[in-house]
Amino acid sequence: MSEIPVISGDAVLTAVDAATAVERTRHAFERHARGEWAMPPKVYVDAPPNGDFRAMPARGDGLAILKWVTSFPGNSARGLPVVRGVLLLSDAGTGEELAVIECASITSLRTGGAAAVSAQALAREDAATVGIVGCGVNGAWAGRCLAALGYGDGVCADSRPEAAERLAAELGWRAGDRAEAAAQDVVVTVTPGDAPVIATGDLRAGQHLAALGADAHGKAEVELGAIRRCRLFCDEWAQASAGGELSHAVAAGAVAEESVTPLGRVFTGDAPGRRTREEITLFDSTGLAIQDLAIAAAVYDAWKRGEVEATTARL
Ligand SMILES: NC(=O)c1ccc[n+]([C@@H]2O[C@H](COP(=O)([O-])OP(=O)(O)OC[C@H]3O[C@@H](n4cnc5c(N)ncnc54)[C@H](O)[C@@H]3O)[C@@H](O)[C@H]2O)c1
């Protein structure tokens, strides 16, 4: 019989700060690119008409996870969360269950972490300003993680002005409109992806874009013309080409695998990142189970150090 911690979302967000999320996310991309971490494709289980469940497994650094998470868009109208679920953490040596962790909090930390590590790898060295388009749950974490890397002077834009103002106040940045946010050195888009929020005419030389909102088929935040002007990077080709920001460009025949670099290969030195000061880089994030694993490991480490409040369950 094992007794394991059951860790709430609030406890996760207390245990892991933005700087740790960035560091762990980068570690995940690097390990996966080196072939040291395993990540089978995620599995979708449709639940019509409400949405779908996703099962996201990964293994690395002696641990294994399964994230079991929803995307139920209709839940908003019912006053319920769109994204909810749990992450199961196991010992990859013995198979022993180690923890049950709330997973929306893990998702936010690793999503913010991905935006930040893409800027670390691809933004110009003198990039200083940030624009966040879509300042909801995950956009806010992108802002926090970029702030933890020292990016300042940010512009927060959201179709709900109160969301932009809240994030701007928290980070000491300012609220602005979409065009102002899109004009910054590093631009992060984290909207539902119902309509493009980056137009071709928004782009200027040397920018870095992190497109996070389009993480499923049919979503897009960046116009095709803008994608054509960028050097392209993704978290993983299989996910990005099937349901990420690049998927509509792939379907239109405008982008092929050879022209898209997985971000982890930049960290391992196997592929070049930014090549010139002028080029515009675009990172398509769809969200990987290896990122979840990296954050879950940080939470578990903190719990072992006695830094996380958790109830326990006997299995
Ligand atoms: N890439 C990843 O790893 C990853 C991870 C989590 C979520 N996501 C995706 O990111 C998106 C946002 O998720 P969330 O949980 O932050 O949602 P959310 O509802 O908390 O935030 C979305 C925000 O975008 C704003 N918005 C909507 N349309 C806009 C527009 N046209 N211009 C400016 N702002 C606009 C909304 O007002 C809201 O504040 C979703 O599509 C989600 O599936 C991606």
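Preceding this paragraph is the structure being described.
What counts and how
- Residues numbered from 1 in each chain as written.
- Predicted model: local features only at pLDDT ≥ 70, side-chain atom pairs only at ≥ 80, totals over all residues.
- Heavy atoms only, no water.
- Patch = residues over 30% accessible without salt bridge, like charges linked within 9 Å, V, L, I, M, F, W, Y side chains within 5 Å.
- Areas by Shrake-Rupley, 256 points an atom, 1.4 Å probe, with all protein chains shown as cover.
- Salt bridge = Lys/Arg side-chain N within 4 Å of Asp/Glu carboxyl O.
- Helix = DSSP H or I, 4+ residues; strand = E, 2+ residues; numbered from the N terminus.
- Near = heavy atom within 4 Å.
- Polar contact = N/O pair within 3.5 Å; in protein donor to acceptor, adjacent residues only side chain to side chain.
- Nonpolar A, V, L, I, M, F, W, Y, C, P; charged D, E, K, R; others polar.
- Pairing = 2+ DSSP bridges.
- Contact = heavy atoms within 4.5 Å.
- Axes fitted to C-alpha atoms, helices over the stretch in contact; angles between N-to-C directions.
- Phe/Tyr/Trp six-rings, centres within 6.5 Å; stacked < 30°, edge-to-face > 60°.
- Buried < 20%, exposed > 50% of the residue type's maximum accessible area, 1.4 Å probe, protein only.
- Lys NZ or Arg CZ within 6 Å of the ring centre and 35° of its normal.
- Parallel < 35°, antiparallel > 145°, perpendicular 65-115°, else oblique.

Caption draft 1: Spatial organisation of a nonpolar patch on the surface. On the surface, Val43, Val45, Leu66, Trp68, Val86 and Leu88 cluster together into a nonpolar patch covering about 450 Å² of accessible area. Those elements giving two or more residues to the nonpolar patch turn out to be β2 (43–47), β4 (63–71) and β5 (85–91). Here Val45 is to be found in strand β2.

Caption draft 2: Quick look at the site of the ligand. Near the ligand there are 22 residues, and of these Asn138, Asp158, Arg160, Gly213 and Lys219 occur at the shortest range. One of the side-chain N or O atoms of Asp158 is found 2.6 Å from an oxygen atom in the ligand. One of the side-chain nitrogen or oxygen atoms of Ser285 is found 3.0 Å away from a nitrogen atom of the ligand. Against a free-state accessible area of 850 Å², the protein chains account for coverage of 77% of the ligand. Elements supplying a minimum of two residues to the shell around the ligand: α3 (103–122) and α4 (137–148). For the shell around the ligand, a count of residues per class yields 6 nonpolar, 11 polar and 5 charged.

Caption draft 3: How the structure looks around the sheet that holds strand β14 (residues 280–284). As summarised here, the arrangement of the 8 strands in space is β9-β8-β7-β10-β11-β14-β12-β13, forming an open sheet in which the pairing is parallel. Whereas interior strands pair on both sides, the edge strands pair on one side only; in this sheet they are β9 (174–175) and β13 (260–262). Across the sheet, α3 lies against β10 (186–189), β11 (208–211), β12 (230–234) and β14, angled at about 155 degrees from β11, the strand it touches most. The strands touched by α4 are β7 (129–133) and β10; relative to β7, the strand with the most contacts, the crossing angle is about 170 degrees.

Caption draft 4: Expanded view of the sheet that holds strand β1 (residues 3–7). The mixed open sheet is built from 7 strands, whose spatial order is β2-β3-β4-β5-β6-β1-β15. Both outer strands of the open sheet, β2 and β15 (311–314), are each paired with one neighbouring strand and no more. The mean inter-strand angle of the sheet, taken between neighbouring strand axes irrespective of direction, is 20 degrees. Both β4 and β5 contribute to a ladder of 7 bridges, which runs antiparallel. Opposite Ile65, over in β5, you have Leu89 as the bridge partner. Against the sheet, α3 contacts β3 (51–60), β4, β5 and β6 (97–102), and its axis sits at roughly 80 degrees relative to β6. Along the sheet, helix α11 (residues 289–304) makes contact with β1, β3, β4, β5 and β6, crossing β3 at roughly 65 degrees.

Caption draft 5: Expanded view of the packing of aromatic side chains. Evaluated as defined, the whole model comprises 4 aromatic pairs. For the pair Phe29 and Phe283, a centre-to-centre distance of 6.4 Å together with 80 degrees between the ring planes defines the contact as edge-to-face. In this pair, Phe29 sits in helix α2 (residues 18–33) while Phe283 sits in strand β14, placing the two residues 254 residues apart along the sequence. Note on accessibility: Phe29 and Phe283 belong to one class, buried. Between Phe53 and Phe72, the aromatic rings sit 5.3 Å apart at their centres with planes inclined by 70 degrees, giving edge-to-face as the arrangement. One end of the pair, Phe53, is in strand β3; the other, Phe72, is in the loop between β4 and β5, with 19 residues separating them in the sequence. You can call Phe72 buried: its relative accessible area is 11%. In this structure, Arg144 packs its charged tip against the face of Trp141, placed 4.6 Å from the ring centre.

Caption draft 6: Layout of the packing of α2 against α3. In contact at an axis separation of 8 Å, α2 and α3 are set at 75 degrees when each is read in the N-to-C sense. One finds that α2 runs roughly perpendicular with respect to α3. For the pair α2 and α3, contact is made by Ala21, Val22, Thr25, Arg26 and Phe29 and by Leu109, Arg110, Gly113, Ala114, Ala116, Val117 and Gln120, respectively. By residue class, the composition of the contact of α2 with α3 is 7 nonpolar, 3 polar and 2 charged.

Caption draft 7: Structural context of the packing of α2 against α4. Interaxial distance between α2 and α4 falls to 8 Å at its minimum, and their mutual angle equals 85 degrees. Judged on the interaxial angle alone, α4 and α2 are roughly perpendicular. Counting all contacts with α2, which are made through Ala18, Ala19, Ala21 and Val22, the residues of α4 involved are Trp141, Arg144, Cys145 and Ala148. Grouping the constituent residues of the contact of α2 with α4 by class yields 7 nonpolar, no polar and 1 charged.

Caption draft 8: Seen up close, the environment of Asp194. For Asp194, the location among the structural elements is in the loop between β10 and β11. Overall, the relative accessible area of 72% leaves Asp194 in the exposed class. C-alpha of Asp194 to C-alpha of Gly218: the two residues are 24 residues apart in sequence and 8.2 Å apart in space.

Scope: geometric values only; no functional claims are made or implied.
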